[in-house]
Amino acid sequence: MIRYIIRRLLWVLVTLLLVALITYTIFFVMPSTDPAVNFAGKQPTPELVARVRELFGLDKPFVVQYGQFVGRLFLGDDYGWPGLGFSFSTRSELKPVILDRLWVTAQLAIGAAILWLMIGIPIGILSALKPRSIFDRLAMGFALFGVSAPVFFIGPVLLYIFWYKLQLLPGTGYYPIEDGLSQWYLHMLLPWCVLALGFAAFYARMSRANLIETMGEDYIRTARAKGLSERRVVLKHGLRASLTPIVTMLGLDLGALLGGAIITETVFNLPGIGQYAVQSDFYAILDITLIAAFFITIANLIVDIVYAFLDPRVRYT
Amino acid sequence: MPEPLLEVKDLSVHFKTEDGLVKAVDGVSFSIMPGEALGVVGESGSGKSVTFLTVMGLTQTAKNAVVEGQILFQGEDLLKVPKEEMREFRGRRISMIFQDPMTSLHPLYKVGYQLSEAIRSHQKVSKSEAMEQSIEMLRRVGIPKPDERVRQYPHEFSGGMRQRAMIAMAISLNPDLLIADEPTTALDVTVQAQILDLIGRLKSEFNAAVVIITHDMGVVAEHCDNIQVMYAGRIAETGARDVIYYQSHHPYTWGLLDSIPRLSETDSHERLNPIKGLPPSLIFVPSGCSFHPRCPYAFDRCTAEVPLLLPSDGMHAAACHLPIADKERIFQERMLARS
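The rules behind these values
One numbering rule holds for all chains: residues counted from 1, following each sequence as written. Think of it this way: whatever chain is written first is A, whatever ligand is written first is 1, and the rest follow in order. Predicted model: local features are reported for residues with pLDDT of at least 70 only, side-chain atom pairs are reported and counted for 80 or more only, and whole-chain, interface and lining totals are derived from all residues. Under the DSSP-based scheme used, a helix requires at least four consecutive residues in state H or I and a strand at least two consecutive residues in state E, with every element numbered from the N terminus. Here the radius of gyration uses the C-alpha set of atoms, whereas the globule reference equals 2.2 Å times the residue count to the power 0.38. With C-beta atoms placed from the backbone, a residue is labelled by how many other C-beta atoms lie within 10 Å of its own: buried for 20 or more, exposed for 12 or fewer, partly exposed between the two. Whether two residues are in contact depends on their C-beta atoms, placed from the backbone: they are in contact if these lie within 7 Å. The residue classification treats Ala, Val, Leu, Ile, Met, Phe, Trp, Tyr, Cys and Pro as nonpolar and Asp, Glu, Lys and Arg as charged. All others, Gly included, are polar. One requirement defines pairing of two strands: DSSP has to find at least two bridges between them. A domain assignment, automatic or from a database, supplies the domain bounds used here. For helices, the fitted axis covers only the stretch in contact; all axes are lines through C-alpha atoms, and the angles between them, taken along N-to-C directions, range from 0 to 180 degrees. It is the rotation of the near helix from the far one that decides the hand of a crossing: anticlockwise by less than a right angle makes it left-handed, clockwise makes it right-handed. Expected span of a helix, by definition, is 1.5 Å for each gap between consecutive residues, and there is one gap fewer than residues.

Q: Explain the overall build of chain B here, please?
A: Counting secondary structure elements, chain B contains 13 helices and 12 strands. Against the 2.2 N^0.38 benchmark of 20 Å for 339 residues, chain B shows a C-alpha radius of gyration of 21 Å, consistent with a compact globule. With the C-alpha coordinates aligned to their principal axes, the bounding extent of chain B is approximately 65 × 50 × 45 Å. By residue count, 44% of the 339 residues in chain B fall in the buried class. Restricting the contact set of chain B to residue pairs at least 6 apart, pairs at least 24 apart contribute 64%.

And the structure:
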């Protein structure tokens, strides 16, 4: 098992290097604002721009720049480890900015995750236990809506209703938890709900489908033949088998969300890394892309390991 | 005369489907004595499994099932017993084992846990005591190192061992009736014999009645006292084992006996002798005798009138319109042709 984990971690490394390479290449190939111009300030002279380029090694060949970046990333730069560089626009180091924003994104992601699990899975289970009933049809109708309605539509609609018209909730923006628990909570409530809606719908459908399939398995018939109570048959025999794929999905979804819930953060003006990625600051985008890739690959690894714990038939040699 | 353990009277199980009413079991009556070994034989779709799943109360979970008739177990009509009480019967007084032990055991729980669960759902014992009993049961079904095996998962067992474990689970509470639904179909031939021997041995040790459901007449030949042949949801013939094998009175039974593959020393090119045709649709059951489309001896009465299961002598009964004299003659001819 340990050897398997080490092998997977090496692949994480390879993935990150590849992601960095591709992102670098895109920046070189695509026309975008020259970072040197950003750094140099208002209406810089060509000489100034040239000096800035030389200063930051932006005139060096691609391979050299990429190599230097990778080196700095893993060995640290002037601002500490990992070497996340600095922003050409603000001329300040990126690491604290990114870490702060990552914390906001994490709050959004984890809060939404708890909400969507608490809503989606019970709905899915109840639908599976009473297929084609009124409840099932309504629940799956809700699921269809939730999966289809885009965040940039639902978000403003709910803001309009709950903030503008009913004045029940505060508007957009982020309130750190140190500044007040209830303010923090009220500001996060709508973003959590809006982000959780699509996932809850999806998880409801998945748990319903999984449970229906599991309840048709032979070992459920055996459990009933043993004389177990129906509650035990469903909860201990049915659910246990049908929820393991949900755990996998949860890990992957969280991994992806930690790379930034871009639309939600933008709609609600939350200073997460998703919102920060929508701009043209070279190192910032590079860093965020790498962080997203990191979380996704690590989430994949964790999910695979957890699955081996949940399903004894899966063992890694 | 001792009281029958199980008396099924006019049982019918129909399923309402989009395509029509599926008559899986259509007017079946029989009885089983305590300690009896009954073999129930028939092709897929004959209604043999559904009959006994209904005895266990497991078909009634389907919302489109229509069950009529009576199932008297030790005098009580199981079809009138409330669901909660039926749970007391299942696993404790009547047990069932199924065809494929790999899919019939829960893949994510250890075998010991699954056995103990069966015990603890009917008896107030502690976890460790139930585990002790489970280990003992595994030993009794012939699994070596049972104290290690209880901590393993089903996928770590071989096919034969899994079926033994299922048998252990079914027998752990000393049921009066054990129903084995195709217990050997998913196993190798060599293992089949072991499992059947095991069932036979446990039957005498535990004093239980056993029903072996199978499509293979070879399987029931050695271990059953009586045999019941089912076709298209009805009983075609029933009687003592020797009578069915050596003096049967139903063309379907003859067909089944003829289709048993034989190792022939004289003619290595001997072909298999299946019954021509296919089992009928259970929605559009043929009129009269449901076997008549495939019966080489059918005559006009067979298409018009459903033959009743009438006893010809003693316990032996066959649902066929042919006169007995004709049946015995045909049977003799077929025996000669076979040898």
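From this point, things continue past the structure.
Q: How do you make sense of the interface of chain A and chain B when you look at a structure like this?
A: How large an interface is tends to be reported as the accessible area lost when its parts come together. The interface is formed by 17 residues belonging to chain A together with 23 residues belonging to chain B. Elements with a contribution of two residues or more to the side of chain A that touches chain B: α9 (218-225) and α10 (230-257) of chain A. Here the element with the most residues in the side of chain A that touches chain B is α9(A); it accounts for 6 residues. Taken together, the residues of the side of chain A that touches chain B sort by class into 5 nonpolar, 4 polar and 8 charged.

Q: Would you mind showing me how to read the sheet that holds strand β5 (residues 76-77) of chain B here?
A: Adjacent strands of a sheet form backbone hydrogen bonds with each other and so pair up, either parallel or antiparallel. In space, the 4 strands of this open sheet follow the order β2-β1-β4-β5 (chain B), with antiparallel pairing throughout. Looking along the sheet, the strands with just one partner apiece sit at the ends: β2 (20-32) and β5 of chain B.

Q: Sorry if this is basic, but what is going on with the domain arrangement of chain B here?
A: Residues and elements named next belong to chain B. As assigned here, chain B comprises domain 1 (6-224) and domain 2 (248-338). Taking only C-alpha atoms into account, the centre of domain 1 sits 29 Å from that of domain 2. At the interface, 12 residues of domain 1 touch 7 residues of domain 2. When contributions to the side of domain 1 that touches domain 2 are tallied by element, the ones reaching two or more residues are β2 and α9 (217-220). Ranked by residues supplied to the side of domain 1 that touches domain 2, first place goes to β2 with 5 residues. Each residue belonging to the side of domain 1 that touches domain 2 can be placed in one class, and the counts come to 5 nonpolar, 4 polar and 3 charged.

Q: Looking at this structure, I do not really get the packing of helix α7 (residues 151-165) of chain A against helix α8 (residues 181-215) of chain A. What am I missing?
A: Relative orientation and spacing of two packed helices are given, respectively, by the angle between their axes and the distance between those axes. Residues and elements named next belong to chain A. Put simply, α7 and α8 touch, their axes get as near as 10 Å, and they point 145° apart. α8 is crossed by α7, and the crossing has right-handed handedness. Residues V151, I154, G155, L158, L159 and F162 of α7 lie in contact with α8, whose contacting residues are L190, V194, L195 and L197. Split into classes, the residues belonging to the contact of α7 with α8 amount to 9 nonpolar, 1 polar and no charged.

Q: It is not clear to me how the sheet that holds strand β8 (residues 209-214) of chain B should be interpreted in this structure. Could you clarify?
A: All names here are of chain B. Read across the sheet, 8 strands follow the order β6-β7-β8-β3-β9-β10-β12-β11 without closing on themselves; strand pairing throughout is mixed. The sheet is open, and its two edges are formed by β6 (94-97) and β11 (310-313), each paired on a single side. For this sheet, the mean inter-axis angle between neighbouring strands, taken without regard to orientation, is 20°. Of the strand pairs in this sheet, strand β3 (residues 37-41) and strand β9 (residues 226-231) are connected by 4 bridges, and their pairing is parallel. Following the sheet pairing, G39 is matched in β9 by I227.

Q: So what exactly am I meant to see when it comes to the pairing of strand β4 (residues 65-73) of chain B here?
A: All names here are of chain B. Note that strand β1 (residues 6-17) and β4 share 8 bridges and pair antiparallel. Within the sheet, the bridge partner assigned to F15 lies in β4 and is A65. Of the pairings in the sheet, the one linking β4 to β5 comprises 2 bridges and is antiparallel in character. From the neighbouring strand, L72 faces β5, where its bridge partner is D77. The hairpin turn running from β4 into β5, its antiparallel successor, is 2 residues long, and Q74 in that turn takes a positive phi close to 50°.

Q: Just to check I follow, could you spell out the domain arrangement of chain A for this structure?
A: Residues and elements named next belong to chain A. Looking at the assigned domains, one finds that chain A contains domain 1 (2-75) and domain 2 (95-310). Computed from C-alpha atoms alone, the centre-to-centre distance between domain 1 and domain 2 is 33 Å. Of the residues lining the interface, 12 residues belong to domain 1; the matching set on domain 2 comes to 11 residues. At 9 residues, the largest contribution of residues to the side of domain 1 that touches domain 2 is made by helix α1 (residues 2-29). Its residues assigned to classes, the side of domain 1 that touches domain 2 comprises 7 nonpolar, 4 polar and 1 charged.

Q: What am I meant to see in helix α13 (residues 282-310) of chain A here?
A: A turn of α-helix holds 3.6 residues, and therefore any two residues three or four places apart point the same way. The first and last C-alpha atoms of α13(A) sit 42 Å apart over 29 residues, in line with the 42 Å expected at 1.5 Å per residue. All of the buried residues along α13(A) are A:F282, A:A284, A:L286, A:D287, A:I288, A:L290, A:I291, A:A292, A:A293, A:F295, A:T297 and A:A299.

Q: Before we go on, may I ask you to explain unusual backbone geometry in this structure?
A: With the exception of glycine, most residues fall at negative phi, and the peptide bonds are largely trans. Non-glycine residue A:N269 carries a positive phi angle of around 55°. Take A:N269: there are 13 C-beta atoms within 10 Å of it, and that puts it in the partly exposed class. Positive phi outside glycine occurs at B:Q74, with the angle close to 50°. Along the chain, the position of B:Q74 falls in the loop between β4 and β5. The partly exposed category is assigned to B:Q74, around which 16 C-beta atoms lie within 10 Å.

Q: What is the right way to read the environment of B:V229 from this model?
A: Residue and element names in this part refer to chain B. Relative to the helices and strands, V229 is located in strand β9. Sequence-wise, V229 and I244 are 15 residues apart; in three dimensions their C-alpha atoms are separated by 9.1 Å. Filtering out sequence-adjacent residues up to four positions away, V229 remains in contact with V41, G42, A236, E237, H250, Y252, T253 and L256.

Q: When you look at the pairing of strand β10 (residues 234-240) of chain B in this model, what are you seeing that I'm missing?
A: Two faces make up the sheet, and in a regular strand the side chains alternate between them. All names here are of chain B. A large share of β10 lies buried, amounting to 6 of its 7 residues. Strand direction decides the pairing type here: β9 and β10, joined by 6 bridges, are antiparallel. Residue pairing across strands places Y231 opposite R234, the latter belonging to β10. With antiparallel pairing between neighbouring strands as the criterion, β9 and β10 make up a hairpin whose turn holds 2 residues, including A232 at a positive phi of roughly 50°. As judged from the 2 bridges shared by β10 and strand β12 (residues 316-318), these two strands associate in the antiparallel manner. Among the inter-strand pairings, T238 is bridged to a residue of β12, identified as A317.

Q: Just checking my understanding: could you explain the environment of A:A143 for this structure?
A: Residues and elements named next belong to chain A. Here A143 shows up in helix α6 (residues 134-148). A143 sits in the buried class, given 23 other C-beta atoms within 10 Å. Measuring from C-alpha to C-alpha, the distance between A143 and F199 comes to 9.2 Å, with 56 residues separating the pair along the chain. Other than its neighbours up to four places away in sequence, A143 contacts A201, A204 and R205.

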